[in-house]
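Secondary and tertiary structure notes
Here are the chains, one letter per residue:
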Amino acid sequence: MKNAVLITIGDEILSGNTVDTNSNFVATELKNIGIKVSQILTISDEIETIKKAIDSAFQIGDLIITTGGLGPTRDDKTKKAIAEFFNDEIALDEVTFNHLKAYMERRGRLEILERNREQAFVPTKSKVFQNHYGTAPCMMMEENGKLLFSLPGVPYEVKPLIKDQIVPYLHEKFSLNYITTRIVSVVGIPESILADMIEAWELALPENLALSYLPVGTRVKLRLTATGENEPFLTQQLEEEIQKLLPLIKDNVIATSEDKIEKILAEILTERKLTLSTAESCTGGELTKMITSVSGSSAYFLGGIVPYATEKKIEILKVKKETVEGFTVVSEQVAGEMAAGCQKLFNTDIALSTTGVAGPGKGEDGKEVGTVFYTIRVGDQAVNSKLYMPHLERLDFMHFVSQKVIQDLVAILISEEK
């Protein structure tokens, strides 16, 4: 198996002002073609620092991918560091310049072409992968069978360069094995107990199959990965092993293909032609965001509302004032009336509601931070639930609750089929 080292270049990452999402994406894409990431480094944009990092990375990896540090000015240190490390010179590449010119022309920005001319200067020994979504190209250097790819740092430029150009290039160059993955989503069984239940099955797996346990909230994703030269065979092999697994935990399995819970929900709602709406308070639209992140969600999601203020719950969702006064706004009763009002407002088969205290301060009714009530209403049947998670920070709380609500809805809909 080939080993890779990822290097993120930029003081903005080290300062904490910018989050490095590139490394996560690149590592995942490399894993999918059988390349293991051995190390991820974040370094400052200084020539000597970059050269030392490259030297260190080549000691442990066959492949280095750097992101960031490429710019349109002459003080671009990353490009200089790479050229110095490989004893090379930087010169204008006409193909890259013509690509840059065409890119600027398509966007009506030819007036700044000369200002970005430096982007077309690359090490003379480099192989250039043109950037179709930005001005800085990707440069590849090769020495003694080892490769270095230098990419820009903007995520929407990194992703297509990796997926559309670099990964296919690596797959062909190294004649890599195929890697096929299936996800089995399990609910209602703690990870340790689940491991005991399927131990005999796991121990009997073929050598080219690997199993990983990936807890996500209260769900456990069993990721089964097959590696080999024949892709159709691997697909068949995974299906056969999953069929052996299902009898052991069938009542707790909510999906055997899709990874994300919102995509699992999408498949069910689309297949059954059910419609959905949301009324969110403490989750602040996160639940709706997750649902609508799936392509085609307009086929089943009719709308959502965030009646954050208590009076808006009463005014728009017709929550009874007496209910709020009698049970407080963060209560099972209010969540239930929010769902009923939402279902009527949007005229949907299903309605979801949340009300709680995301923090950092207590709610207006004195409820503790981390308290949440949510209702799942399917037809005229409502299921009310409560969670208490004071340890989660505000944004983590909102995301966890949204995940759990969708997971519970999936479980309810699946149970109706059995």
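Placed above this text is the structure.
The rules behind the values
- Residues numbered from 1 in each chain as written.
- Predicted model: local features only at pLDDT ≥ 70, side-chain atom pairs only at ≥ 80, totals over all residues.
- Heavy atoms only, no water.
- Helix = DSSP H or I, 4+ residues; strand = E, 2+ residues; numbered from the N terminus.
- Buried < 20%, exposed > 50% of the residue type's maximum accessible area, 1.4 Å probe, protein only.
- Contact = heavy atoms within 4.5 Å.
- Areas by Shrake-Rupley, 256 points an atom, 1.4 Å probe, with all protein chains shown as cover.
- Lys, Arg positive; Asp, Glu negative; His and termini not counted.
- Charge placed at Lys NZ, Arg CZ, Asp CG, Glu CD.
- Arc of directions from axis to C-beta.
- Expected span 1.5 Å × (residues − 1).
- Core = buried A, V, L, I, M, F, W, Y, C linked by side-chain atoms within 4.5 Å.
- Phe/Tyr/Trp six-rings, centres within 6.5 Å; stacked < 30°, edge-to-face > 60°.
- Lys NZ or Arg CZ within 6 Å of the ring centre and 35° of its normal.
- Pairing = 2+ DSSP bridges.
- Axes fitted to C-alpha atoms, helices over the stretch in contact; angles between N-to-C directions.

Turning our attention to the overall build of the protein chain. Broken down by element type, the protein chain carries 15 helices and 17 strands. By principal-axis analysis of the C-alpha atoms, the protein chain measures approximately 75 × 55 × 35 Å. For the protein chain, buried positions account for 49% of its 418 residues. For the protein chain, restricting intrachain contacts to residue pairs at least 6 apart in sequence, the fraction spanning at least 24 positions comes to 67%. Carbon and sulfur atoms make up 50% of the accessible area of the protein chain, which totals about 20,400 Å². Charge centroids of the protein chain, computed over 45 positive and 59 negative side chains, lie 3 Å from each other.

Here the focus is helix α12 (residues 310–317). For α12, the full list of buried residues reads Thr310, Lys313 and Leu317. The buried side chains of α12 occupy one side of the element, clustering within an arc of 75° when seen end-on. In the stretch just after α12, Lys318 is the one whose phi turns positive, near 65°.

The next subject is helix α9 (residues 231–249). Between its terminal C-alpha atoms α9 stretches 27 Å, which fits the 27 Å expected from 19 residues at 1.5 Å a residue. All of the buried residues in α9 are Leu234, Gln237, Leu238, Glu241, Ile242, Leu245, Leu246 and Ile249. Summarising the contacts, the buried residues of α9 are in contact with β9 (178–187), α7 (191–197), α8 (199–203), β10 (209–216), β11 (219–228) and β12 (253–255).

Let us now look at the nonpolar core. Among the nonpolar cores identified, the biggest contains 37 residues, and Leu276, Ile350, Leu352, Leu409, Val410 and Leu413 are the most heavily contacted of them. For this core, the secondary structure elements donating two or more residues are β12, α10 (261–272), α11 (286–292), β15 (350–356), β16 (371–378) and α15 (394–417). For this core, the element with the most residues is α15, which contributes 10 residues. If sequence neighbours within four positions are ignored, Leu276 has contacts with Leu265, Leu269, Ile291, Tyr300, Phe301, Leu302, Gly303, Thr348, Ile350, Leu352 and Leu409.

Moving on, we get to the packing of aromatic side chains. The description of an aromatic ring pair rests on the distance of the ring centres and on the angle between the ring planes. Considering all chains together, one arrives at 6 aromatic pairs under this definition. A ring pair is formed by Phe129 and Phe149, whose centres lie 5.7 Å apart and whose planes are at 50°; its orientation type is tilted. Of this pair, Phe129 sits in strand β6 (residues 127–129) while Phe149 sits in strand β8 (residues 146–151), and the two are 20 residues apart along the sequence. The same class applies to Phe129 and to Phe149, which are both buried. Arranged with centres 6.3 Å apart and planes meeting at 80°, the rings of Phe149 and Tyr169 form a pair that is edge-to-face. Highlighted residues: Phe149 in strand β8 and Tyr169 in helix α6 (residues 155–173), separated in sequence by 20 residues. With relative accessibility at 0%, the residue Phe149 sits in the buried group. Every member of this aromatic cluster is reached through a ring pair, and the members are Phe58, Phe85 and Phe86. Over the face of the ring belonging to Phe25 we find Lys159, whose NZ or CZ atom lies 5.6 Å from the ring centre.

What follows covers the pairing of strand β3 (residues 63–67). A large share of β3 lies buried, amounting to 5 of its 5 residues. A two-sided burial pattern is seen for β3, the buried positions comprising Leu63, Ile65 and Thr67 on one face and Ile64 and Thr66 on the other. Of the pairings in the sheet, the one linking strand β1 (residues 3–9) to β3 comprises 5 bridges and is parallel in character. Bridged to Ile7 within β3 is Thr66.

Next up on the list: the sheet that holds β10. Ordered in space as β10-β11-β9-β12, the 4 strands form an open sheet in which the pairing is antiparallel. A strand with exactly one partner marks an edge of an open sheet, and here the two such strands are β10 and β12. Taken pair by pair, the neighbouring strands of this sheet meet at an average axis angle of 30°, ignoring direction. In the sheet, β10 pairs with β11 via 8 bridges, with the strands oriented antiparallel. The partner of Leu211 across the bridge, within β11, is Leu224. Of the strands in this sheet, β9, β11 and β12 are in contact with α10, which crosses β12 at around 80°.

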